[in-house]
Structure formats: structure tokens, C-alpha cells
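# Inside the fold
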Amino acid sequence: MDYKKAGVDIEAGYKSVELMKEHVKKTMREEVLGGLGGFSGAFSLAKIKEMEEPVLLSGTDGCGTKVKLAMIMDKHDTIGIDAVAMCVNDIACAGGEPLFFLDYIACGKNYPEKIASIVKGVADGCLQSEAALIGGETAEHPGLMPEDDYDLAGFAVGVCDKKDMITGENLKAGDVLIGMASSGVHSNGFSLVRKVFEMTKESLDTYYDELGKTLGETLLAPTRIYVKALKNIKNAGVTVKACSHITGGGFYENVPRMLKDGVHAVIEKDSYPVPPIFPLMAEKGQIEEQMMYNTFNMGIGMIVAVDPADVDKAMEAIKASGDTPYVIGKIEEGEKGVTLC
């Protein structure tokens, strides 16, 4: 008896590491110390000394049941972007710059080419957010997971000078809410998505005129990363007073998280175009509108609150990053919460 006969292929693990090295190398920053393959990832904090009061920010998340679609479609090169996005967007939302990322892949069986494809997506997400991929783990779980199944999660660390943290404490009535367009469903609500649509290769390969592509292509579109957009806003001299990453729980759960007591967010639903995947889901699944806005991002992945005088500068900065902004509402005095009208 040996480890391979028990279900764990060490040689496959070595091959996976070799195949992923070319992708990992692309994400390196000058602060990264050492190479791939050590027991830990090392990252120099020398530059942080330039900050008055540096604060480390961290985020960890996965892609939820969206990975099931990647398995069905046998397309694994973008799901890693989702894993990175879910972590670095949260860090950027607090005013931080993502520094580095680590991934964790659990699988029933290590297929080196598949693992390398997943890591390629992780590296692409790191490149988009200018974070270094400094480590990770691929764990085979024979007997715990089916051979073709896997799960993906990640962990990111960022930094921010305390004076630049986005806290919402200076929000006031009259401040303007700017929403940044999402790329689609992103990585939340897929347990409901999988109840609305049949999760088969045939179903996911079905072309919909209203989507302009197949259902699978639409649903598997990677989560938008907003790190550069928020960095551009800051570099334009605009103060983001509050920020909300619209993830699980949609508008009703996430918008109040950006508010201080005594202020209320009002969002106009017709102030931006809702991507066609959402009305299609609502119709096919007979999902009430409030539930849609309480589950999905409905076309807005990130919301920032700025002073009215800074709206034009903020909009231009967001556009310069390649993102699409919309003025979607405002802040009013009132009980902490959100109204969609």
C-alpha cells in the first residue's frame, strides 16, 4: 500500500506546481521575497513605513456554488478571477490597496492541467488588482469529494493609511451615490440561479437572444474587480465617504453596511440599465422584485458615496479605469437603511 493507492498522487501535485509557475510569475511585485514552493509566502513591508499609520486589511472568500457551473461546462480558467475579486473588492471597499493573495483548491483528484487552468484565473485576477500571488495549496480529498469536483477559496491582505480608510463616518444628507456596473451575476446567489435554470451542459449551452450569448457564458462571466476604479478616484483627489461591495444579500443587506446612524440611502432603480440576465431569472423563476434586489447585484457591483461637488471628477476617474459609472441615488437624513424606488 502507498499514498497513491490511497488516492493521493504526489507526482500529480508536483506537475501542477510546474504548470502553474508561469502564471504565478506574472503577478510578482518587487516586495515579494523568495520564490514559489516555500513553506510560506514572504512579502516585504518596507514601503509601508512611508505611511503615517498603516493598517492591514484582510479578506477571505470563495466562489460559492458557481464552481458547479465551471465543472459542468468544463471551463476552469476564469473561476479564479472570481475568487480574487471577492477578496480584493472587499479590501478596496475599505480604502485599501491589495498587496498579496493566496489560494486554496480542494479537489477529489488532482488533474494537473485542470489545476493549472484554475490557477491561471487566479493569476489573471491578481494582475487585474495588482496583487501578488505569493502562495497557495492544492489538497486532494479522496473519499471526501468526487474525483471531478473541486472547491476554490482565497485570502488577500492589503494596506491603507488609517487617514485614508473609508468608514462612512463623514456621510451627510445630500451626498451622491455612484454605482459601478457589474459584469453580471458575479459570485453570489448561485444556489438560487441553479434552481431557476436546469444545470446541464445542454441548458448552459442554450443561446438566448436577449443575452446575446449562451446562458453558460453569461453566468460564468467573472466578477468585476474594482480595485483600479477606486484607486483612480483617490488619485483624482476625490474622497470616497462610504463604499459598499454588492455581494450576497444584494442591496438590502450591503448598502446599510456603508451607512452611519442617522442617514438613509435612496436608490432609483431606473437610474441604470439592469442586465437582461436578471429579468430573465425573475421571469423564469417567478422571483419577486424585492427578493431579486435582496439576493443579486442587479447590475451594480460597487457603490461609492461622494460629495456633490466631486461627482463629475469621480465619474471620469471610474471611466478611465474601464468601468461604467451611474449616478444611482443620494443620502438623506433618516433611519439607517436603504429605500429602492
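Along each chain, the written sequence defines residue order, and numbers are assigned to residues from 1. The predicted origin of the model limits local features to residues at a pLDDT of at least 70 and limits the giving and counting of side-chain atom pairs to 80 or more, whereas totals for whole chains, interfaces and linings rest on all residues. Only hydrogens and water are set aside when side-chain values are computed; all heavy atoms of the structure are taken into account.

## Considering the sheet that holds strand β3 (residues 54-62)
Put simply, the test is: Strands are treated as partners if at least two bridges between them are detected by DSSP. The numbering of helices and of strands both runs from the N terminus, where a helix is a DSSP run of H or I of at least 4 residues and a strand a run of E of at least 2. Lines fitted to the C-alpha atoms define the axes, with helices restricted to the stretch that makes contact. Angles between their N-to-C directions range from 0 to 180 degrees. Should any heavy atoms of two residues lie within 4.5 Å, those residues are considered in contact.
A sheet is described by the order of its strands in space; here four strands give the open sequence β3-β6-β4-β5, paired in mixed fashion. Either end of the sheet is taken by a strand with one partner, and the two such strands are β3 and β5 (132-140). Taken pair by pair, the neighbouring strands of this sheet meet at an average axis angle of 15°, ignoring direction. Here β3 runs beside strand β6 (residues 150-161); their pairing, made up of nine bridges, is antiparallel. From the neighbouring strand, L57 faces β6, where its bridge partner is G158. Lying on the sheet, helix α4 (residues 112-129) is in contact with β4 (97-107), β5 and β6; it crosses β4 at an angle near 165°.

## Re the sheet that holds strand β14 (residues 337-340)
A sheet is described by the order of its strands in space; here six strands give the open sequence β10-β12-β7-β13-β11-β14, paired in mixed fashion. Bordering the open sheet on either side are β10 (242-245) and β14, each of which pairs with just one other strand. Direction aside, the axes of adjacent strands within the sheet are offset by 25° on average. The pairing of β10 with strand β12 (residues 300-306) spans four bridges and is classified as antiparallel. When the bridges of β12 are listed, C243 appears paired with V304.

## Thoughts on the pairing of strand β7 (residues 176-181)
Stated precisely, the cut-off is as follows: Only protein chains enter the accessibility calculation, which uses a 1.4 Å probe; a residue whose area is less than 20% of its type maximum is buried, one above 50% is exposed, and one in between is partly exposed.
A large share of β7 lies buried, amounting to six of its six residues. Residue alternation in β7 divides its side chains into two sets, V176, I178 and M180 and L177, G179 and A181, and both sets are buried. Across six bridges, β7 lies against β12 in antiparallel orientation. The residue bridging M180 from the neighbouring strand is M302, located in β12. Sheet topology note: the β7/strand β13 (residues 325-333) ladder contains five bridges and is antiparallel. Within the sheet, the bridge partner assigned to I178 lies in β13 and is V327.

## With respect to the side chain of N89
Its place among the elements puts N89 in helix α3 (residues 79-93). The contacts of N89, once residues within four sequence positions are left out, are T223, R224, I225, Y226, V227, H245 and M302.

## Structural notes on the packing of aromatic side chains
Spelled out, the test is: Only the six-membered ring of Trp is used, alongside the rings of Phe and Tyr, when aromatic pairs are assigned; centres must lie within 6.5 Å, and planes under 30 degrees apart are stacked while those over 60 apart are edge-to-face, with the rest tilted.
Under the definition given, this model contains four aromatic pairs. Geometrically, the ring pair formed by F278 and F296 is tilted, given 6.0 Å between the ring centres and 50° between the ring planes. Of this pair, F278 sits in helix α10 (residues 277-285) while F296 sits in the loop between α11 (289-293) and β12, placing them 18 residues apart in sequence. Each member of the pair, F278 as well as F296, carries the same accessibility label: buried.

## Thoughts on the state of the cysteines
Heads up, the rule is: Working definition: a disulfide is two cysteine sulfur atoms within 2.5 Å of each other.
This model, assessed by the stated rule, comprises zero disulfides. Of the cysteine sulfurs around C107, a residue in no disulfide, the closest is that of C63, at 15 Å. According to the relative accessible area criterion, C107 is buried, its value standing at 1%.

## Describing the nonpolar core
In plain terms, the rule: To define a nonpolar core, start from buried Ala, Val, Leu, Ile, Met, Phe, Trp, Tyr and Cys residues and group those joined through side-chain atoms within 4.5 Å.
Core analysis: the largest hydrophobic core is formed by 94 residues, its most contacted members being F197, L219, F251, I277 and I303. For this core, the element with the highest residue contribution is α3, accounting for 10 residues. Apart from the residues lying within four places of it in its own chain, the contact partners of F197 are Y208, L215, L219, I277, L280, M281 and K284. Formed by nine residues, the second largest nonpolar core is a distinct cluster that contains V32, F100, A132 and I134.

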